[in-house]
Amino acid sequence: MDGMNTSKTPITLLGLGDMGAALGRSWLAAGHPLTVWNRTPEKAGPLVEAGARAAGSAAEAVAAATGPVILCLLDDDSVGATLDGADLAGKDLINLTTGTPEQGRRRARWAEERGARFLDGGIMAVPPMIGVPESGGYILYSGDQALFERHREALEVPAGVNYVGSDAGHAALYDVALLSAMTAMFAGTTHAFALVDGEKEVDLSRFATLLAGWLGAMSGAAHGMAAQLESGDYTLGVHSNLAMMSAGNTTFLDTSREQGVDPGLLTPFMDLMARRVAQGHGDEGLAGIVGLLREGAGRA
Ligand code: FVH
C-alpha cells in the first residue's frame, strides 16, 4: 500500500476487465487504498504491482470492505454470480455494470433485501477516458442519493458524475437512451462513408472533418425536440418541417441507388417520417415520431 493516502476512502473493486482495470488505475493514482477481485485472478497482477491488494474471493473482498464496493462486470447475471454467497449487510454497493432499467431496479430491491445500500451507474466513457477529466467522460448515477453524496469525492476520481434521480433504473435508462442515439449516429456515419468511399477525388479525411462538424452543428436539435415534447406543440420553432424533410428523402434514396449503396440503415426512419406526414402532420418537426415509436406503430 506504498503511496496510499489513508485519509482517502478505501475502494473495493470487483471486475477487472478493460473498464474495471481503468477505474482501478484511476483510484490508485489518486491515492485511494484499493482492494480488487476478478474471476480470472491473473488480471489483478498489474493493479497489485501498482499498490492494490488482491482478495482471494469476491465474498472476502466484500467482507473486508469499509468503503464502497464497486461492481464493473460484464452484465447483470455476472453481478449475481459474483455476489452469490457474499454477506452484503451494511455494505455500500455501487454497480457500474451496464444493464437495463428494470435490472437496475431489481438489483436495488435485491440489495435492500440483503441489508445493503445501492446505487446504480452507467458509464458514459470508454476506458482511455477514465481518469482524464478533459476527455468529457462521465458516469450517471441513480438510486440512494445519500449514498451518492457520501462517496461523491471518490466517485469523482475516474470521471465526472451526474446523479439523475432516486429511481435506481434511471442511470441505466439514460445510459441506454444516450447509447441508442450514438448507435443511430454510427449508422448514419456508416451510410455516409458508404456513399463517398471509393469515389475518385474524395479525400476521406477531409470528408470526416466535414461530417464531424456537421453532426456537431446538428446536435442542438435535441433541445428543439425536448421543447416540442414538453410543450406538446410539435410545430414549435420548426424551420425544417417534416413534409419538406420527407420529400427530400427521395433524393437520399436516389443517391443511394446511383452510388450502389443499400439504404437499409435509413429507410425505417424514413418510413416513420412518411407515416407522420400521411397523418396530416407535415408542418411539424420530428417530435411526433416519438409518439409513433412509443405506440409501437413504427414496428413491423
Ligand atoms: N469497455 C467499454 O468501452 C465500455 C464503456 C461503457 C461501459 N461498459 C460497460 O462496463 C462493464 C465492464 O466492461 P469491460 O470493458 O470491463 O468488459 P470486459 O473487458 O469484457 O470485462 C468483463 C468483466 O466481467 C467479468 N465477468 C464476466 N462474466 C462473469 C461472471 N459470470 N462472473 C464473474 N465475473 C464475470 C470478467 O471476468 P474475467 O472474464 O476477466 O474472468 C471481467 O472482469 C460492462 O457492463 C460494459 O457494458 C464498458
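Cut-off values and rules
- Residues numbered from 1 in each chain as written.
- Predicted model: local features only at pLDDT ≥ 70, side-chain atom pairs only at ≥ 80, totals over all residues.
- Heavy atoms only, no water.
- Axes fitted to C-alpha atoms, helices over the stretch in contact; angles between N-to-C directions.
- Helix = DSSP H or I, 4+ residues; strand = E, 2+ residues; numbered from the N terminus.
- Left-handed = near helix turned anticlockwise from the far one by under 90°.
- Contact = heavy atoms within 4.5 Å.
- Nonpolar A, V, L, I, M, F, W, Y, C, P; charged D, E, K, R; others polar.
- Patch = residues over 30% accessible without salt bridge, like charges linked within 9 Å, V, L, I, M, F, W, Y side chains within 5 Å.
- Areas by Shrake-Rupley, 256 points an atom, 1.4 Å probe, with all protein chains shown as cover.
- Salt bridge = Lys/Arg side-chain N within 4 Å of Asp/Glu carboxyl O.
- Buried < 20%, exposed > 50% of the residue type's maximum accessible area, 1.4 Å probe, protein only.
- Domains from an automatic or database assignment.
- Buried area = accessible area lost by both parts, 1.4 Å probe.

## Here we look at the packing of helix α8 (residues 170-196) against helix α9 (residues 204-218)
One way to put it is that α8 packs onto α9 with a least axis distance of 11 Å and a crossing angle of 145°. α9 is crossed by α8, and the crossing has right-handed handedness. Only L204, F207, A208, L211 and L215 of α9 make contact with α8, whose side of the interface consists of M185, T189, A192, F193 and V196. Residue composition of the contact of α8 with α9, by class: nine nonpolar, one polar and no charged.

## A word on a nonpolar patch on the surface
A grouping of M182, M185, F186 and L215 is seen on the molecular surface, where their side chains present a nonpolar patch of about 330 Å² in accessible area. Relative to the elements of secondary structure, M182 occurs in helix α8. According to the relative accessible area criterion, M182 is partly exposed, its value standing at 33%.

## Re the domain arrangement of the protein
In terms of domain boundaries, the protein breaks down into domain 1 (11-166) and domain 2 (174-299). Spacing between the C-alpha centres of domain 1 and domain 2 amounts to 36 Å. Listed as interface residues are eight residues of domain 1 and, on the opposing side, five residues of domain 2. Regarding the contact of domain 1 and domain 2, the summed buried area is about 490 Å², with carbon and sulfur atoms giving 74% of it. Connecting domain 1 to domain 2 are zero salt bridges. Listing elements by their share of the side of domain 1 that touches domain 2, those giving two or more residues are β6 (117-124) and β7 (138-143).

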